[in-house]
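Reading the structure
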Amino acid sequence: MEFTGKIIAILPPRSGVSKTSGNEWKSQEFVIENHDQYPRKMCFDVFGADKIEQFNIQMGEELTVSFDVDARQWNDRWFNSIRAWKVERVSAGAPMAPGAPVPPPAPSATPDFTPGDAKDDLPF
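Predicted model only: the values in this text are computed from it and were never measured.

Here we look at the overall build of the protein chain
The helix and strand tally for the protein chain stands at one helix and six strands. If you list the helices and strands of the protein chain from N to C, you get β-β-β-β-α-β-β. Sorting the 124 residues of the protein chain into buried and exposed places 21% on the buried side. Put simply, the protein chain shows about 10,100 Å² of open surface, and 55% of that area lies on carbon and sulfur atoms.

As structure tokens, this is what we get:
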């Protein structure tokens, strides 16, 4: 799945040690907002110090985030996880938001007429 928008919040990183493997882990959450008529926000996380450094997400950036959604249970409650696996910067020349009208192609400078048409069907 993908979500395109502007980063509006960067939460503090969290870290810890896995109980099962004893390895250290690091995670950071970000909030992104799209540009639809009724803007939607999504909080996603990036897991792993290497991914956090690789993505280098900054406040106000326009991004397309590719993510997976997963749910887990804890104390008879369910929680969703939205984990980013790819982040791309939106370039200035990229297409506009979905649903935006696409301008028609510009007309060519010279019309496509063949000079000296012998058969002219126009009544005037």
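Next, the rest of the story.
With respect to the layout of surface pockets
Its boundaries defined by the atoms lining it, the largest pocket holds a volume of some 380 Å³. Contributing to the lining of the largest pocket are 16 residues, with R14, D45, R72, S81 and R83 lying nearest its centre. Put simply, the parts of the chain that give the lining of the largest pocket at least two residues each are β3 (24-33), β4 (41-47), β5 (62-74) and β6 (77-89). Residues belonging to the lining of the largest pocket are distributed by class as follows: six nonpolar, three polar and seven charged.

Quick word on unusual backbone geometry
Even without being glycine, N75 reaches a positive phi, approximately 50°. Within the secondary structure layout, N75 lies in the loop between β5 and β6. Of note in the backbone geometry, D76 takes a positive phi value of approximately 60° without being a glycine.

A short note on the confidence of the model for the protein chain
Overall, the predicted model of the protein chain reaches an average pLDDT of 84, with 73% of residues at or above 70. The model gives residues 94-99 a pLDDT under 50, and that stretch makes zero contacts with residues more than four places away or in other chains.

A few points about the pattern of salt bridges
Taken as a whole and judged by the stated rule, the model has four salt bridges. Among the salt bridges present, the one from K86 reaches E88, with a minimum N-O distance of 3.7 Å. Judged by relative accessible area, K86 falls into the partly exposed class, the value being 32%. In this structure E88 comes out as partly exposed when scored by relative accessible area, which is 37%.

Some words on the pairing of β5
Two faces make up the sheet, and in a regular strand the side chains alternate between them. When strand β1 (residues 2-10) meets β5, the two strands line up antiparallel, connected through five bridges. Across the sheet, T4 pairs through a bridge with T64, a residue of β5. Pairing of β5 with β6 involves 12 bridges; the strand directions are antiparallel. Bridged to D68 within β6 is R83. Between β5 and the antiparallel strand that follows it, β6, lie two residues; N75 among them carries a positive phi value of about 50°.

Cut-off values and rules
- Residues numbered from 1 in each chain as written.
- Predicted model: local features only at pLDDT ≥ 70, side-chain atom pairs only at ≥ 80, totals over all residues.
- Heavy atoms only, no water.
- Helix = DSSP H or I, 4+ residues; strand = E, 2+ residues; numbered from the N terminus.
- Buried < 20%, exposed > 50% of the residue type's maximum accessible area, 1.4 Å probe, protein only.
- Areas by Shrake-Rupley, 256 points an atom, 1.4 Å probe, with all protein chains shown as cover.
- 1 Å grid on protein atoms, 1.4 Å probe; cavity = no way out; pocket = protein on both sides within 12 Å on 5 of 7 lines; lining within 4 Å.
- Points joined across faces, edges and corners; volume = space filled by probe spheres on them.
- Nonpolar A, V, L, I, M, F, W, Y, C, P; charged D, E, K, R; others polar.
- pLDDT = per-residue confidence, 0-100.
- Contact = heavy atoms within 4.5 Å.
- Salt bridge = Lys/Arg side-chain N within 4 Å of Asp/Glu carboxyl O.
- Pairing = 2+ DSSP bridges.

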